[in-house]
There are 2 protein chains.
Amino acid sequence: MSVNLPLPQKSDLKPISGFEMGIAQAGIKKANRKDLLVMTLAPGSQVAGVFTLNRFCAAPVQVCREHLAQDGRHGEIRALVVNTGNANAGTGEQGMQHALETCAALAKDLKLNPEQILPFSTGVILEPLPIGKIVSALPKAVAHLGEDNWLDAAEAIMTTDTQPKACSATVQTSAGLVTMTGICKGAGMIHPNMATMLGFIATDAGFAPGLLTALTREVADQSFNAITIDGDTSTNDSFIIMATGKSPVQITSTADANYAIVCDALIAIAKKLAQMIVRDGEGATKLMTIEVIGGKTVEECRLVAKAIAHSPLVKTAFFASDPNLGRILAAIGYAGILDLDVGKVQMWLGDVWVAKDGGRNPSYQEADGQRVMQESEITIKIDLGRGTASQTLWTCDLSHDYVSINADYRS
Amino acid sequence: MSVNLPLPQKSDLKPISGFEMGIAQAGIKKANRKDLLVMTLAPGSQVAGVFTLNRFCAAPVQVCREHLAQDGRHGEIRALVVNTGNANAGTGEQGMQHALETCAALAKDLKLNPEQILPFSTGVILEPLPIGKIVSALPKAVAHLGEDNWLDAAEAIMTTDTQPKACSATVQTSAGLVTMTGICKGAGMIHPNMATMLGFIATDAGFAPGLLTALTREVADQSFNAITIDGDTSTNDSFIIMATGKSPVQITSTADANYAIVCDALIAIAKKLAQMIVRDGEGATKLMTIEVIGGKTVEECRLVAKAIAHSPLVKTAFFASDPNLGRILAAIGYAGILDLDVGKVQMWLGDVWVAKDGGRNPSYQEADGQRVMQESEITIKIDLGRGTASQTLWTCDLSHDYVSINADYRS
């Protein structure tokens, strides 16, 4: 099941000059499925990433952080390798060895230093990575490298995703055209604290040193960090922006007029990708946009939006298309704003004003709530009535299929 | 469905001298069901309570707080009235009027002041209380008052509960025997921040002024505040201890040797009642005890226990009896202990040592995890390896029936 999730067409996914992908079937968890992806960047490219804040972060996340921290010392980052079927998390010292061995094997194939490679894993936690299978399949992925493999790449990183997630955009700047294409995966263990399990965007724009790192964080905050499916922050979340600099557009500073244009375009594509994850949320039947306005701070708006988005009672009511909207008020009430004056709280479901000044709006009719509840994309808007800050999150409902998928995931 | 939930027998529920209950069918949400309960206390009794911290707390909760705050000014608290089928929450000024009208009507029947009455409601939020039905049924409940009606009372406060929850205990002190009987209800919207939706314990012990209030908080913290079903803190949670003082046991201070005896007995009965709520958790098939030890503070142990107890991924894995235990490590990792050294974390499932020093225990066999997972009551034990504090929570799994119950609750 998924909610208005567009199926990407190969012809829609634009190649990025200087960026290649190759995939292989390594048989990591199951035979005959694409489960290994190698991505390479031309010399002179830049890479920046944000990663899970989970303390039990996976070995590959730790290696990524280290390799990015020493970027340039052993040569710039030139390749990425992703396996599905195993998260290489909760695997201790052996897991670190396996992540480093993966980098070393790919470095040999590509004639790079291991430090020029970023490794990524996604799948089951607490089981040893089948390193032998990965190392023997790497040459096949390398042999397959090409600029036109975006759809293959999107398929190779899927786990419980019902379909590949990818999109492209081009944006006109004063210096010329910038192209960007991104892929992502994830459908469960999704929570807005570096939310995506894996997201990769490549662009042919160029950036002055340091610029891409700050920009990546900003993009993540407005996209992948604003979605949640089940409130579970993964051990492997990673979001990467890669810039090959092959287009004529070279951005020198945040003051550069083209910075805002490219940044907005990156945010738009990242938001689209992030929402694809929610649309494909495990068992999702509805996409819910939770818009909290009138807060004193963005943080408190986020607390309220998260309380609503994580409430199993709210999520099951939306699954049932039942406007049992008192459950939303309850979630607002326990979100953690201790001095909240509930008498100033307003709530809308779509265009229907449900709660007025903290109580049921006298003109609210159940039939109006029922009408909005039938839609597959629904906005819940809350005005806290205490300031001007706001925050929007995207989430999905909680259905029988969520339980089935997660009760059966390993079998 | 429920997990080893004992069905209370009328003969097991001991009357408390000076305490009477009467019930009626008011037809609040459905016809022909017990949905109204009146409880009365003999003169000289004491009452203390703890209530939900939800900012959208229900009108009756606000009235309870006020009446307890001015206890004695208009005469002591002498009666309680509980309705199911409607929470009288999110109902604004009209909701407050309805709660006060309920008190006024019962006060007239019982020849008391309205301030001597505590009102309680539980059921759907954001819908007006059918005050007319309640007022006309009150005389029937009053006519039914008697000391032997504990089982009726437990039935009258049920909502999605599959069966009534009640138990009794007696404890020997140096001054004589103390008897206590309690009832509670709740199966969803349960979270450890004053967790029970409704819990009432009556005892014939007597307490010096002020003593019962502190004791009630201590009892709640070790029982109803240590359970969670879905992480949703209700708008109506209330836990009340009533002491008629009719036994020879009169406790004068916390230094009194009998204080500890009675306090321990109250904690034991409250824990038993609280665990009944988890055993009857909506759709529950397993009772999970989450024991976190080795923390620096109780608060951080609680954070970890809550993260595990609220994780839909952990809960669905337990529903499936699937030892997908990496999900527990992930929850520990995002619980919020920023300086957690995962290399010192140990995890046991029942008697099986699963994670050693942050990784998979080399001697762990999947078959051992599988064996424990078949049981209906399972302990997850986590050692954080950084101190001596500990905290235990009780929760249940997340099943298809949870979704069904909450998707269908109002229909």
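Calculation criteria
- Residues numbered from 1 in each chain as written.
- Chains lettered and ligands numbered in written order.
- Predicted model: local features only at pLDDT ≥ 70, side-chain atom pairs only at ≥ 80, totals over all residues.
- Helix = DSSP H or I, 4+ residues; strand = E, 2+ residues; numbered from the N terminus.
- Rg over C-alpha atoms; globule rule 2.2 N^0.38 Å.
- Buried ≥ 20, exposed ≤ 12 C-beta atoms within 10 Å, placed from the backbone.
- Contact = placed C-beta atoms within 7 Å.
- Pairing = 2+ DSSP bridges.
- Nonpolar A, V, L, I, M, F, W, Y, C, P; charged D, E, K, R; others polar.
- Least-squares fit on C-alpha atoms with pLDDT ≥ 70 in both.
- Expected span 1.5 Å × (residues − 1).
- Bend = angle between axes of the 7 residues up to and from the residue.
- Axes fitted to C-alpha atoms, helices over the stretch in contact; angles between N-to-C directions.
- Domains from an automatic or database assignment.
- pLDDT = per-residue confidence, 0-100.

Caption draft 1: Structural context of the overall build of chain A. Along its length, chain A carries eleven helices and 18 strands. The C-alpha radius of gyration of chain A comes to 22 Å, within 12% of the 22 Å expected for a compact globule of 411 residues. A principal-axis box enclosing the C-alpha atoms of chain A has dimensions of 70 × 55 × 40 Å. Counting the 411 residues in chain A, one finds 59% classified as buried. The contacts in chain A between residues at least 6 apart in sequence include a share of 81% that link residues at least 24 apart.

Caption draft 2: Spotlight on the environment of Pro 312 of chain A. Residues and elements named next belong to chain A. Here Pro 312 shows up in helix H8 (residues 312-319). For Pro 312, a count of 26 C-beta atoms within 10 Å puts it in the buried group. The spacing of Pro 312 and Leu 398 is 86 residues in sequence and 6.8 Å in space, taken between C-alpha atoms.

Caption draft 3: The arrangement of the environment of Ala 214 of chain A in detail. Here Ala 214 of chain A is to be found in helix H5 (residues 211-221). Separated by 14 residues in the primary sequence, Ala 214 of chain A and Thr 228 of chain A have C-alpha atoms spaced 23 Å apart.

Caption draft 4: The arrangement of the sheet that holds strand S10 (residues 227-228) of chain A in detail. All names here are of chain A. Strand order in the open sheet formed by seven strands is S10-S18-S13-S17-S14-S15-S16, and the pairing between neighbours is mixed. Where the open sheet ends on each side, the last strands, each with one partner, are S10 and strand S16 (359-360). Across seven bridges, strand S13 (residues 287-295) lies against strand S18 (residues 389-396) in antiparallel orientation. By the bridge assignment for S18, Leu 287 is matched with Cys 396.

Caption draft 5: View of the interface of chain B and chain A. Across the boundary between the two partners, chain B contributes 55 residues, which contact 56 residues of chain A. Those elements that provide at least two residues to the side of chain B that touches chain A are helix H2 (92-110), helix H8 (312-319), helix H9 (326-333), strand S15 (359-360) and helix H11 (400-408) of chain B. Looking at the side of chain B that touches chain A, its residues break down into 26 nonpolar, 20 polar and nine charged.

Caption draft 6: Structural detail: the relation of the copies chain B and chain A. Overlaying chain B with chain A gives an RMSD of 0.0 Å, the required rotation being 180° about an axis along which the chain moves by 0.0 Å. The symmetry that links the two subunits is that of a two-fold axis. Across chain B, the smallest distance between a C-alpha and the rotation axis is recorded for His 400 of chain B, namely 2.8 Å. A shared interface surface links the copies, since 100% of the contact residues of chain B are contact residues in chain A too.

Caption draft 7: Region of interest: helix H1 (residues 59-69) of chain B. The set of residues buried in H1 of chain B consists of Ala 59, Pro 60, Val 61, Val 63, Cys 64 and His 67 of chain B. Looking at the buried residues of H1 of chain B, the elements they touch are strand S3 (46-51), H2, strand S5 (117-124) and strand S10 (238-243) of chain B.

Caption draft 8: The pairing of strand S16 (residues 377-383) of chain B, seen in detail. Residues and elements named next belong to chain B. Of the pairings in the sheet, the one linking strand S12 (residues 287-295) to S16 comprises seven bridges and is parallel in character. Paired with Val 292 across the two strands is Ile 382, which belongs to S16. The sheet contact formed by strand S13 (residues 346-349) and S16 spans four bridges and is antiparallel. Of the residues in S16, the one forming a bridge with Met 347 is Ile 382.

Caption draft 9: Region of the structure containing helix H3 (residues 131-143) of chain B. All names here are of chain B. With 13 residues, H3 should reach 18 Å at 1.5 Å per residue; the first-to-last C-alpha distance of 19 Å fits that figure. Maximal helix bending in H3 amounts to about 35°, located at Ala 137; proline Pro 139 follows within four positions. When H3 is considered as a whole, its buried residues turn out to be Ile 134, Ala 137, Leu 138 and Ala 141. Where H3 is buried, its residues contact strand S1 (19-24), strand S2 (36-41), strand S4 (79-86) and H2.

Caption draft 10: Quick peek at the sheet that holds strand S14 (residues 352-356) of chain B. Residue and element names in this part refer to chain B. Reading across the sheet, the six strands line up as S15-S14-S13-S16-S12-S17 and stay open at both edges, with mixed pairing between neighbours. Of all strands in the sheet, those with a lone pairing partner are S15 and strand S17 (389-396), marking the two edges. Helix-sheet contacts for helix H10 (residues 366-373) involve S13, S14 and S16, and the interaxial angle to S14 is about 125°.

Caption draft 11: Region of the structure containing the domain arrangement of chain A. All names here are of chain A. The assigned domain composition of chain A is domain 1 (10-279) and domain 2 (287-408). Relative placement of domain 1 and domain 2: their C-alpha centres are 33 Å apart. Every contact between the two is made by eleven residues of domain 1 and, on the other side, eleven residues of domain 2. When contributions to the side of domain 1 that touches domain 2 are tallied by element, the ones reaching two or more residues are S10 and helix H6 (257-279). A breakdown of the residues in the side of domain 1 that touches domain 2 according to their chemical character gives five nonpolar, five polar and one charged.

Caption draft 12: Highlighting the confidence of the model for chain A. Residue and element names in this part refer to chain A. For chain A, the mean per-residue pLDDT works out to 90, and 95% of the residues sit at or above 70. Here S10 stands out as the element of chain A with the lowest mean pLDDT, 76, in contrast to helix H3 (residues 131-143), whose mean of 98 is the highest. pLDDT under 50 marks residues 192-196. Its contacts with residues more than four places away, or in other chains, come to 32 contacts. At the level of chain-chain contacts, confidence expressed as ipTM amounts to 0.74, with global pTM at 0.80.

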